[in-house]
Each structure stands twice: as structure tokens, then as C-alpha cells.
Amino acid sequence: MRDLIRWSLEDCPGFGTDIKVEGKLNRIAEGIWHDNYSFWIRGRGLSADQANQAYVLRLLEQREDWQKGLEPRERLMREAETLQVLTRNNFAHPTPAFICFVQDSESETIGMIETSVPGYSLDRHKDRSTLQLVGRVAADIHRLEIERFPHLPSNNSRTEQVKSQLAELDEALYAKFPLTNEVRQWIAAQIPADDRACVLHGDLLPQNLLCDWTTSGQHDAQVGVVDWEMARVGDPAYDLAIVSRGDRKVLGVKDGAKVLVEDYLESGGQPVSLTDVRVHELLLLMHWLEDAWREYQKPESRGHGPDYYEAKLQSLFRRT
């Protein structure tokens, strides 16, 4: 990996020659699709800023068959473009700066190098203040001008995204799990107005928010936003549902989904309601139920079984 970094940076304009990784490569939070490593560099021709900057190597994870193929690589390319657009437009929160792609010996793109964003993951602080920060960041993202992000997958309206999510579900699911048919009918009656969509982060979980308390007090802390690979244009309620996920307590907060919507609206977010968020929570659970049902038809299954997601769907639908 040291050689991979060296070759990539020496081919990147403005990075000079004789690049070396200084000290250890530190493995940091990994996701479903990436292995991530932080590092520092030294070399001839580096500017002071380059020498004092931490970097992150994001490598596509390809150990499992379902992680391979074109889709993860296409998301990586889109993420790089998204980071460049955010940098050019002075987004309100620190984000990684894209440096270069990383290629293997066959010139296949297998990852990228970006700058590291300082701060500690909010995943360590699951409480009311974290919900407020999530709401504030979501509102700022949703104010971005969608015209600057033509490379992102797009639903032109909130209605379109809900309908497309329903259309992706297999009709056999409704026959196998009668509850899902009830949920589908309820969602169809609640589809939001055909409002204009907005830019979504797509994975606005606390682990993707980095709080830097060294720059300010706890309540005014600078919050960095990382991992933009799932960014898209669509319904703002979806970004909130990714955080709440139909849980009774969200980040340890009772009635957390309701609290999150209130915090989001107080921060100037788009006009969404708790019902709008519930629609997407239910859709998420139906998709997870379908995935689990398919998985448990294999000789060797993994993860929670369909009964687990059916129970969660029943609980959320009852509360909704």
C-alpha cells in the first residue's frame, strides 16, 4: 500500500517526487464498500500545507462477490466529483478534498486518496445534542444547489423517489408477507406532494460526522462531513429516515424521529413532516425484509432473518 500511495501521489500534479509514507498506515473506520487508512507523507517538493496534512486512502472492498462489479467503482467516481464540487462551492462544513484516484497494475481504479478531516466521530456521542447536530448538517446539505451536482443519481421530485422505491420491491414479497401489502397501501395514500427534490448525503449517520471541539465550544463545534458515496438528489425526508431507521429511540433519545424533524426544521430545513420520514422508514424496512428473505433462501445465510425485519416493520407500522 505504501508503494500504491507513492505511485499515485507522484503522478498527481503538484506533489513532487520521492514521496514516502511517514510512520504507520493506520486503519480507520471501514464500511461495507471500503477499507480506509490514514497516513502522513514526506518528500521533495511538498508544500508546507501538503507536509502538514493527514490523508486517507480509500480502497474498494472486493472480498465478497456482492462487493464487486461496476456499481461500487461508479459510486467512487461520483464521490470524487461530489467532493470537488463541495470544495469549489465552499460548503458550510469541512469535507475531504479529493486528491487523486488509485489504480492497480492493470490501470483499473481501485480507490482514491483524499485529505483527512479533523475531529472525532459523533458515533461516540449518542444523545440529544448529536440529534441537533445531525439536523443542522442535514439542513445545510439540503440547501445546496442541485444544478451544481448533475453527476448524481436523481429523482426529480419527492413523489418520484417514493414511487421508485415502491416499484423496486418484488411483487412476491407482498404475497409472502401480507403485512407489506398493508404498508404499501398506507404509503400510497401518504406520498408527499410533488415538491422539488434536493441534494442528499444518503448516509448521514453519526459516524460520518466528525466534530472538532478544538476550534470552538461544544455547542458551536465545527462538524465535518465525510463519506459522500451514497449522495443523490431526492426527498429530504430520506436523509432523516436513514438516521432514525424506525427505532423507538434514535441515538438514545425517546421519540427521536420526532425530535430530529423538529431540530431539522429549526435549522432551516426543507418542509418535511414526521409522516414523510415514516414513509421512508417503512420503505427501508421493507427493502431490508426483502433482502433478508432472499438471503435466507441460500444454503448458507448470514445476518438477521426475515422474521426479525418483519417484527420491526410490524412495530413501526403500529406506531405510525
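None of these values were measured; they are calculated from a predicted model. Within each chain, residues carry numbers counting from 1 in the order of the written sequence. Reporting in this predicted model follows two pLDDT cut-offs: at least 70 for local features of residues, and 80 or more for side-chain atom pairs to be given and counted; totals over whole chains, interfaces and linings ignore these cut-offs and use all residues. To obtain the side-chain values, all non-hydrogen atoms of the structure were used and water was disregarded.

In this section: the packing of helix H4 (residues 128-142) against helix H9 (residues 256-266). Axis geometry follows a simple rule: fit a line to the C-alpha atoms, using only the stretch in contact for helices, then measure angles between N-to-C directions, giving values from 0 to 180 degrees. By the criteria applied, helices consist of DSSP H or I runs no shorter than four residues and strands consist of E runs no shorter than two, each listed in order from the N terminus. Packing of H4 against H9 brings their axes to within 8 Å, and their N-to-C directions diverge by 50°. What the angle tells us is that H4 and H9 run oblique. Between H4 and H9 lies a crossing whose hand is right-handed. Residues Arg128, Leu131, Gln132, Val134, Gly135, Ala138, Ala139 and His142 of H4 form the contact with H9, whose participating residues are Gly256, Val259, Leu260, Asp263 and Tyr264. Each residue belonging to the contact of H4 with H9 can be placed in one class, and the counts come to seven nonpolar, four polar and two charged. Oblique is the label for any angle not covered by the other classes, which are roughly parallel (under 35 degrees), roughly antiparallel (over 145) and roughly perpendicular (65 to 115). The sense of a crossing depends on the near helix, which, turned anticlockwise from the far helix by less than a right angle, makes the crossing left-handed and, turned clockwise, makes it right-handed. Only heavy atoms matter for contacts: two residues are in contact if any of them lie within 4.5 Å across the pair. Residue type decides the class: Asp, Glu, Lys and Arg count as charged, Ala, Val, Leu, Ile, Met, Phe, Trp, Tyr, Cys and Pro as nonpolar, and the leftover types, Gly among them, as polar.

Reading across from one edge, E6-E8-E9 is the order of the three strands in this open sheet, with antiparallel pairing throughout. The sheet is open, and its two borders are formed by strand E6 (120-121) and strand E9 (222-225), each paired with just one other strand. Sheet strands in contact with H4 are strand E8 (209-212) and E9, and its direction is about 60° off that of E9. Pairing between two strands is assigned when DSSP locates at least 2 bridges connecting them.

Okay, the pairing of strand E4 (residues 98-103) next. Across a regular strand the side chains alternate sides, sitting on one face of the sheet and then on the other. Examined bridge by bridge, E4 and strand E5 (residues 109-115) share five bridges and lie antiparallel to one another. For Cys100, the partnering residue across the bridge sits in E5 and is Ile113. Hairpin connection from E4 to E5: five residues lie between these consecutive antiparallel strands, with Ser107 at a positive phi of about 60°.

Every helix has an expected span of 1.5 Å times one less than the residues it contains. Across its 14 residues, helix H11 (residues 306-319) extends 20 Å between first and last C-alpha, which sits within 8% of the 20 Å expected from 1.5 Å per residue. Of all the residues in H11, the buried ones are Pro306, Tyr309, Leu313, Ser315, Leu316 and Phe317. Turning to H11, the residues buried within the fold contact helix H7 (178-190) and helix H10 (274-295). Burial here depends on accessible area, computed with a 1.4 Å probe over protein chains only, as a share of the maximum for the residue type. Under 20% is buried, over 50% is exposed, and the range in between is partly exposed.

Turning our eyes to something else, we now look at the side chain of Glu281. With respect to the helices, strands and loops of the structure, Glu281 is situated in helix H10. Residue class for Glu281 comes out buried when judged on its relative accessible area of 0%. With near-sequence residues (within four places) excluded, Glu281 lies in contact with Ala241, Ser244, Arg245, Gly246, Ala257 and Leu316.

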